[in-house]
Each structure stands twice: as structure tokens, then as C-alpha cells.
Amino acid sequence: MRILGRVTVFPVPPEPIARLSELAYNLWWSWNPPAQKLYRDIDPPLWDEVNHNPVLFLRRAHQQDLDRVAEDPDYLELYEEVLDTFDDYMNPPARGVWFERNYPGMGDQVIAYFSAEFGLHESLPIYSGGLGVLSGDHCKTASDLDLPFVGVGFIYPQGYFRQQIDPDGRQQAIYEKLNFGEIAATPALGADGTQVVIDVDLPGRKVYAKMWRVQVGRIPIYLMDTDVPANVPEDRELSARLYGGDQQMRISQEIVLGIGGVRALRALGIRPAVWHLNEGHAAFLQLERIREYVQDEGLSFEAALWATRGDSLFTTHTPVPAGNDAFGFDLIDRFFADYWGRLSLDRERFLDLGRYESPSGPQFGMTVLALRTAGRANGVSQLHGEVARRMWASLWPGITEPEVPIEHVTNGVHTESWIHPELAELMDRYLDSDWRDRLDDPVSWYSVAGIPGAELWAQHEDAKAEMLEQVRDRLARQLSRTGAVPAAVEQAAHLLDPAALTIGFARRFAAYKRATLIFHDEERLKRILNNAERPVQIIIAGKAHPADEAGKTLIQTVYQLSRKPEYLGKIVFVEDYDMNVARHLVAGADVWLNTPRRPHEASGTSGQKAGLNGVLNFSVLDGWWVEGFNGENGWAIGSEKNYTNEAARDEADALSLYTTLEEVIAPLYYDRDEDGKPTSGWLGMMRASIASIAPEYTTHRMLKDYITKFYVPGATLGATLRADDYAEAKTLATWEARVKAAWPQVSIAATGPSGTQTTVGQPVAVNANLRPGALSPDDLAVELVYGQQKDGKLETAAALPMQLVDSQGGTYHYEASEAFPDSGNFGYGVRVRPNHENLPNPYATYLVKWA
């Protein structure tokens, strides 16, 4: 037959189920299992084949299958229930959702959240790992709380790479172009009804980006795509891949993300009240905002900077210096030579905004730019906040390290995205009926203690069976693809023992995460894994950055070790780690292993997902686990001791790992009752894990922290600085100029006890004399600063305002009396700093003098 032409035919959902198409374009379905069931029940194999993508599913489904379920009363009953739940969610009653109840009248105060990646679901592969999944969970929770919120990022037509492992264990990066007709993205339309297209300037040319919209429950995420005909071929590829290319491509991407993202929101008619920079990739957005204030509103650079600082927040996720993006001044000159004049700056003042002395010389750091232009900043765990303050203390040379204005909000996970559906059903039976509305309330989780052990264990066994089925299937397909003999492929379908203690380890492969720590003493590991009475097996997954050769070598090492005869069937590496694999592993493993080199794990959230599901954490005391570990909900590897010798640290942590696994974890797991079920020891720890981790490490708690600590204060200060034609921003700039001009004449002297011994609760009196020069005492804050002292530095710091008691001849006398709260070696000092009611943080002027 001669083919005359080709026609693609799509099925049409019958009228009784017509809204399946509408539902497919709202990611609400991704955290609602009954909604997913609507698609799965039509054709289960197809649902898995399309990687749980309902848009693609509805293009490939057979019309007869759609017609069949449209006449099935049971299916139609589920359909109506799901759509009613969806409609109720999307149209909540007035003041019926948390944000509006607690902050009435702020419903128009939009928060713009910029992130280089969003991990929403495996069917939308525009994320690489933890940062992206955290961003996705942040957005889902913003929807749940009905926060006025928009996300801004890239859609990456080639996404992040799919990982294939070759027969030698080498990671191969496979890129597949997204078909925008097959994903839950629609063109983002402007007021004229056409797709929004924005442009930015790159050296010698303009680059255009069209906007796409992804709906996540009640909130939209706007994603840019430079695959536009008006662009030259290399620029059409600019946003093709996440974290691809060299430094020139990276700075180009970050200009589009930051500067282009601001222009995209303007084109969409969105005027945010708060700007949240999730990591430094988006920091150029602050430059664009300053440019708008200078060129469009006629502000000075100084006033524009204060207006920009007032309503912006920067979240850093990276305690490893190499993970903070920085560019050489030559690149900055190439890309910004025509830009800094629009900010009323010369080259040197512009470079000072990001100037960073790296080991290789001065660079323009994106983290530095964000810290200098955002009024508020935070790390993502308590320990990471301490690390971030230490890393960036040099930006504030006049204050103590504990006072560096980088706070912390510990990360969490979106509970309903990560809790196993069967476990959630258990919670429906045994927790209060409103537990899903009180996810961050510890009281709502107390009843976990009442879940019968048999039911809790049966649910875990089901989740474990699902996980093992997926792991075996992936391994069999991997072996088949690489040309393994049929017997090996068949063997893979039966690997792993459902009854054996199963450890999960899944994360990005980077050196500091120490994926090979468990192989530190192979002979001991072999004994543990192959113990006839207490066997142990390990499932490992993860990707390395495509340019990280050391990370790829780690994967190869782990893979090759897993193929050794003595490890075969005991250690399995699962390729192409994604949210689907993660969802199974964090619910189906018995123990979740994490071995970062402390303190290089900013937070980590995979362990939070595991703990939520009753999987017991076994982790180095780093990131969130320092806060989460209570001695009853998992185990610690090593101690909080900091080592200067990495080999010594590795040796100590490996010894702790083996000893705890061999002498504590395995015996407890295999302590069984007459029915072969774990005794109360293991089940009690599972309950403790859920009850302690679920309410504290949910994004509902996390986002409420962001709202109360940063978003609402930022929106309030931002509105103050913008009011009356930016009167307060201009006043603040004038005040700062006056303070800086007079600062050399400011002096302070103080007297107080030294070498004195006292007791807890006994007041210590300190006096200070301030000579403010041309300034008024109202321009300044005189403070007594004290804290626990070690090696000449304050480990803690508290600032007590000193009281002005009198003045004479231009000298102002201050007094303070403070009782130290605990025993120990305390240090104290007296300082003066500029003070203004509209500073976003006390040290925003970077000026401090000590007595």
C-alpha cells in the first residue's frame, strides 16, 4: 500500500467523564491518590507506561476504554467524588483557608518565588533533585494554605537528563525533548489573549523567551522557554537543559531567569508584594528591580536599593563553597557593561554588589549579590544557618558571627505528596477526622500511638512489596538494555528478599555525601549483609551532575561493587532516580541511610519523607537530623564532633555505622513475636518516627514560618517604602548618606568589670559614653552585646539596648545592667550602630563601632 498521508487521532472522553481533561492540567491530582486512580483504572499498564502523566495518558488511551468506564457506576461514583473534592479545594469559602483566616486583607499581597527548578511530579522532568523537589513542595503547600503566590522558573524543553548505567557502571546522560502537547503546561496569556513573550539583552543581541503556565492547585507557576523562532540557534537551546553548559551558558540562563523573570511578571500584570529568591541562581532579578526603580520611577540607586531590600528574601541552600555560583569579572564585563549605567552605577560600584574573594581571585558571587540586595536571608536548617553565618560573616565585619543576619527555616516535605496512600488511610481511621487540616499540629499525630502494630506492619509490608517490584522491574529492564544474558534478566526479577532488613540510600552523588562510606570496611560489610540469621540488603539510587566526573566515578564504584558475587542480590543500584523511585523507596525501605560529611548537608528532605512513612532514619547528625533525632525515632551515625582530618572523620563514622547496624539495628529488626512480626521495640520506633517527624518536618510548618518571619514583614515594609511616591525609601537613602558622612566622627567608650567573678542572676553594670558628632542619638543604637566565649569569640550573642540617662557637652551617657543567664565564660562588649525603624535587618548599613 502506498501511504498518501498520516493522521493522528486522539480519543475524546465521553460527556460523563469530560472533566478528566481539565483535571489533567492541574497538578492537584499529583498529591491526591483518588484522582490518580481515575486514570489508572482506565488502563493500568498505560498509566505506568506514560510515567503517570494524565495529559499524555488521555492522548493515548483507547476510546473503547474511555467509553467503558463512562458507563461503569462504580467508576462514575469515584469520578463525582474526586471532582467534588477538587471543586471544593479550588473554591474555598471566604476566610476558610489558613492564610486568609490569619492575615485577613492580605489576599492581594502576591509572593513571587523564583527557583531554577521545580520538582512537582515525575511526568514533568524539570528538576534535578532536592532543591527542585523542595520548590515543588513549597508551591503545593502555598496552594493548600491559599497563599497569594506565583512561581517563576524555566520549563527546560529537554528537562533534566534520564540516567542510564552502561555495563561498566558509567552514568550516561540521555536527553529527550518534551512535547508541550503532552505535559500539563499551557501558554501563559497576556491581557490581549496571546502567549507572553519577553526579551533580555545578552552581548550583541536580544534573547526572547515565551511563557508557559503550570497550574498547581490554586497557584500558577510561570516557566520560560527560549526555543523561540526569533532567537539564533544557540539561544534557542539556552533554556533547553537544567544545569547544562559552561559558565557563559550559566550566566546567560541566570540573566534570563532573574531579569527575564521580572519582565515576565510585569507582562502578565503581576506586581508582587514580596520577592523570594530560592538559591542564588535568580539573584539578577534584584538588579532588574533596582533598574526599574531608577529608570521608571526616578529613584536614586540608593533609594532603589532600599526599596528592593525591603520586600525581598534570599534562601541559601548551599554550605559547600563550590556550590555557590560565581562569575569572573571578564564575564560580568561582557554581559553587564551596558547595564550598570541604567542603575546609575559605575563599574566598580556595580562589581562591589557581588564582589567575592575566591581562592582563584576576585569573582562576582550570586550568593553575595543576593545577600547584599535582599533585606532578609535564611538557611534551611538550624545547623545550616550557623554554617551560612560562618561562611558569609566577612560581609558584615563589624558584628559577631552569631548576629550575621542569616536566619533559618528548616525544610519540610509536602505531607500528602509523600505519605504512602495506605498509610494515609490508616491515619484516616485512627487519627482525628481533621488531621489533614492540622498537618503541623503535633497533637493531631498523638493517636499514631494507637494504631495496632499488626495493621501498621501490614501496611509497611505492602509498601515494601511495591518498592521491591519496582526495583526488580527497573533492574531487569536495565540488564536487558545492556545485553545481559536472559538468565541474568530473569534473576533480576527475583532479587531481594522481602523479609530481609532493607536499607535505602538515594541522593545526588557528590563527594561530600559519601555514598561509598558503607564500603569502608568491605570484610565487615560482607559479614553484616550475609549474616544467615540477620541478613541485610541495600538499595542505592542517585544521579551525579553531568559535569561531575568525581560523582560519576562514585556511581561506577558503587555499581561495580554491587555486581561482585558476594554482594549480588544484597546490594542493588537502581538507575534513573526520580520522584517515582523516591516515592517508593522512602515508603518501602526499613531504614533510611544518610552519610554526609558534617556539616555539608544543608538540610536534606529524603529522610523526612522516610520518617513520615515510619521508615527509621540512620543518619549522620547533619542538616535537619540534628534537630529531628530524639533517640527514639532512629539512630545517629557518629557524633556532633567536628574533625579537621577527613580520613579520621570517615574512619570514626564508618565504625559507628557498622557497630550500630550490627549490634543495634539488625537485632531489633529481627526480634520477632510468635507470628513472625516485629515486637514492640521496632514498631514503637516506627510510631515515634511518624509522630515526631510528620508534624515538625512538613512544609505546612515550614511555609507558616516563612509567612510569619519573612513574607508578612516583607510585604509590610515593602508597602511602607513604596508609599507616597517612595517617600520612605528616599528618606532612608538620605538618612544613610547622612550617617555615612558623619560616621568617622562617631565614637564610643565604655567601662565595666573585667576579670570579675559573679554568680548566675547577679546583675553586672556597664556604662558607655557616646559622642555622635553631627548625628543625633536617635540615629544610633547603643548596645551591650554578650555571650558565651570560646577562643576569643562569642559562640552565642545577645544584644541589650543601653539606656540613655543624661548628656553633657555633646557626650551622651548610657547605662545597662544585665544578669548572665548561665554559668560559663562570658564575654561582653559595647557597640554603636546606625538605627532606623525601616531597616529590614539591624545590620543593613554594614556600619558598627565597638567601644
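Residues numbered from 1 in each chain as written. Predicted model: local features only at pLDDT ≥ 70, side-chain atom pairs only at ≥ 80, totals over all residues. Heavy atoms only, no water.

Novice: Before we move on, could you go through the environment of Glu80 and cite the residues and values that matter?
Specialist: Relative to the elements of secondary structure, Glu80 occurs in helix H6 (residues 73–90). Note on Glu80: relative accessible area 42%, which makes it partly exposed. A C-alpha to C-alpha distance of 37 Å links Glu80 and Arg271, two positions 191 residues apart in sequence. (Helix = DSSP H or I, 4+ residues; strand = E, 2+ residues; numbered from the N terminus. Buried < 20%, exposed > 50% of the residue type's maximum accessible area, 1.4 Å probe, protein only.)

Novice: Break down the pattern of salt bridges for me, with residues and values.
Specialist: Inspection of the entire model under this criterion finds 61 salt bridges. Note that Arg19 and Glu22 form a salt bridge whose closest N and O atoms lie 2.8 Å from each other. For Arg19, a relative accessible area of 27% puts it in the partly exposed group. Here Glu783 makes a salt bridge to Arg831, at a shortest N to O gap of 2.8 Å. (Salt bridge = Lys/Arg side-chain N within 4 Å of Asp/Glu carboxyl O.)

Novice: Explain the environment of Glu818 to me, and be specific about the residues and the numbers.
Specialist: Residue position: Glu818 is located in strand E28 (residues 811–819). Sequence separation of Glu818 and Gly761 is 57 residues, and the distance between their C-alpha atoms is 8.5 Å. Apart from the residues lying within four places of it in its own chain, the contact partners of Glu818 are Gln762, Pro763, Val764, Leu784, Tyr786 and Leu800. Side chain to side chain, Glu818 and Tyr786 meet in a polar contact 2.6 Å long. (Contact = heavy atoms within 4.5 Å. Polar contact = N/O pair within 3.5 Å; in protein donor to acceptor, adjacent residues only side chain to side chain.)

Novice: Give me the packing of helix H26 (residues 646–669) against helix H27 (residues 680–696): which residues, what numbers.
Specialist: H27 packs onto H26 with a crossing angle of 100° between their chain directions and a minimal axis gap of 8 Å. If you check the angle between H26 and H27, you find them roughly perpendicular. Residue-level inspection shows Ile665, Leu668 and Tyr669 of H26 in contact with H27, the latter providing Gly681, Trp682 and Met685. The class makeup of the residues in the contact of H26 with H27 is five nonpolar, one polar and no charged. (Axes fitted to C-alpha atoms, helices over the stretch in contact; angles between N-to-C directions. Parallel < 35°, antiparallel > 145°, perpendicular 65-115°, else oblique. Nonpolar A, V, L, I, M, F, W, Y, C, P; charged D, E, K, R; others polar.)

Novice: Provide a residue-level description of the sheet that holds E28, including the pertinent values.
Specialist: Strands belonging to one sheet form pairs held by backbone hydrogen bonds; the direction of such a pair is parallel or antiparallel. Read across the open sheet, the four strands follow the order E22-E23-E28-E27; overall the sheet is antiparallel. In this open sheet, the two strands that pair with only one neighbour each are strand E22 (747–751) and strand E27 (803–808). The sheet shows a mean angle of 25° between the axes of neighbouring strands, direction not considered. (Pairing = 2+ DSSP bridges.)

Novice: Can you lay out the side chain of Thr699 for me, pointing to particular residues and giving the numbers?
Specialist: Within the fold, Thr699 resides in helix H28 (residues 699–742). A distance of 2.6 Å separates a polar atom in the side chain of Thr699 from a polar atom in the side chain of Thr141. Aside from chain neighbours lying at most four places away, what touches Thr699 is Asp137, His138, Thr141, Gly412, Val413 and His414.

Nothing here speaks to function; it is all geometry.
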